[in-house]
Amino acid sequence: MDGRSVRWEAHKRERRAAIIRAAIEATEEHPPGTDIHVQLIAKKAGIGRPVVYRHFVDRDDLDRAVQRRALDMLTEQIIGAVAAGGGLRDVIERAVLQYVQWAHDHRALHRFAMRELPGKIDNPVRNVIRGISEQFKPLLLEGATVLGIELDEDDAATVDLVAFGVVSQIVSAVRLWLARGEDRKPGPEALAYRLSQIIWYQLDGMASTRGARLDPNLPVADLTTLLAATQN
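The notes below deal with the structure included here. (Residues numbered from 1 in each chain as written. Predicted model: local features only at pLDDT ≥ 70, side-chain atom pairs only at ≥ 80, totals over all residues. Heavy atoms only, no water.)

## With respect to helix 1 (residues 3-28)
Phase 1: When the terminal C-alpha atoms of helix 1 are compared, their 38 Å separation across 26 residues agrees well with the 38 Å that a helix rising 1.5 Å per residue should span.
Phase 2: What helix 1 keeps buried is the set I19, I20, A22, A23, I24, A26 and T27.
Phase 3: Lining the buried residues of helix 1 we find helix 2 (38-45), helix 3 (49-55), helix 4 (59-83) and helix 6 (107-113). (Helix = DSSP H or I, 4+ residues; strand = E, 2+ residues; numbered from the N terminus. Expected span 1.5 Å × (residues − 1). Buried < 20%, exposed > 50% of the residue type's maximum accessible area, 1.4 Å probe, protein only. Contact = heavy atoms within 4.5 Å.)

## With respect to the nonpolar core
Phase 1: Counting 53 residues, the largest nonpolar core has V52, Y99, V100 and V174 as the members making the most contacts within it.
Phase 2: Looking at this core, the element that brings in the most residues is helix 5 (residues 88-105), giving 8 residues.
Phase 3: The contact partners of V100, leaving out residues within four places of it in the chain, are V174, W177, P188, L191, A192 and L195. (Core = buried A, V, L, I, M, F, W, Y, C linked by side-chain atoms within 4.5 Å.)

## Here's the deal with the packing of aromatic side chains
Phase 1: One pass over the structure, following the stated rule, counts 0 aromatic pairs.
Phase 2: Above the face of the W177 ring, R184 is positioned so that its terminal group lies 5.4 Å from the ring centre. (Phe/Tyr/Trp six-rings, centres within 6.5 Å; stacked < 30°, edge-to-face > 60°. Lys NZ or Arg CZ within 6 Å of the ring centre and 35° of its normal.)

## Description of the layout of surface pockets
Phase 1: Here the second largest pocket defines a volume of roughly 230 Å³.
Phase 2: When contributions to the lining of the second largest pocket are tallied by element, the ones reaching two or more residues are helix 6 and helix 8 (153-178).
Phase 3: The element best represented in the lining of the second largest pocket is helix 6, accounting for 3 residues. (1 Å grid on protein atoms, 1.4 Å probe; cavity = no way out; pocket = protein on both sides within 12 Å on 5 of 7 lines; lining within 4 Å. Points joined across faces, edges and corners; volume = space filled by probe spheres on them.)

Okay, structure coming up:
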């Protein structure tokens, strides 16, 4: 690829990113559920409407790109909360709070990001939830080993499904909470605390029925070290 081609590809990436940013800005400037027309997105991006469709196959393609970017923004917030470290239960509470607060602060974008778009089974929301559950699978499996929990074949085969269910229920609860309108109760912090309790009780309950107890104050960094030791 020559220099001109490299510059052209970079230009196309920049233009595509600018269109996505414009779509996000337009979405956040309007009430949740507003139908944002492509003409408005194009105007905010400083281009003509036909140019949008040089970078996206159709409106669904654009909407999926906006969903993926919104979900990336959300994921970055949650990863930051987990990376800050601390006790296991504190990390769960902090991660849930980041999600609830982001959804509260970006209500229109959250609603758009959680939409089921037509035409394809491949959906950004399900992909993110599935990705989170798949990342949890080795953590839960190795965590069980560290705690001395013996998992039978069915336990091992359903770990990712359980993780998917836990994440999905939090997403569903937040969507219902946001639908209550501007006078929704409880507030973000109170809701996040209660939702994190649900996650903790589920994890601790599953451990206790298998003869172990989770230490809520166990530093996540220590757990990571223990898991690494079991893999070496």
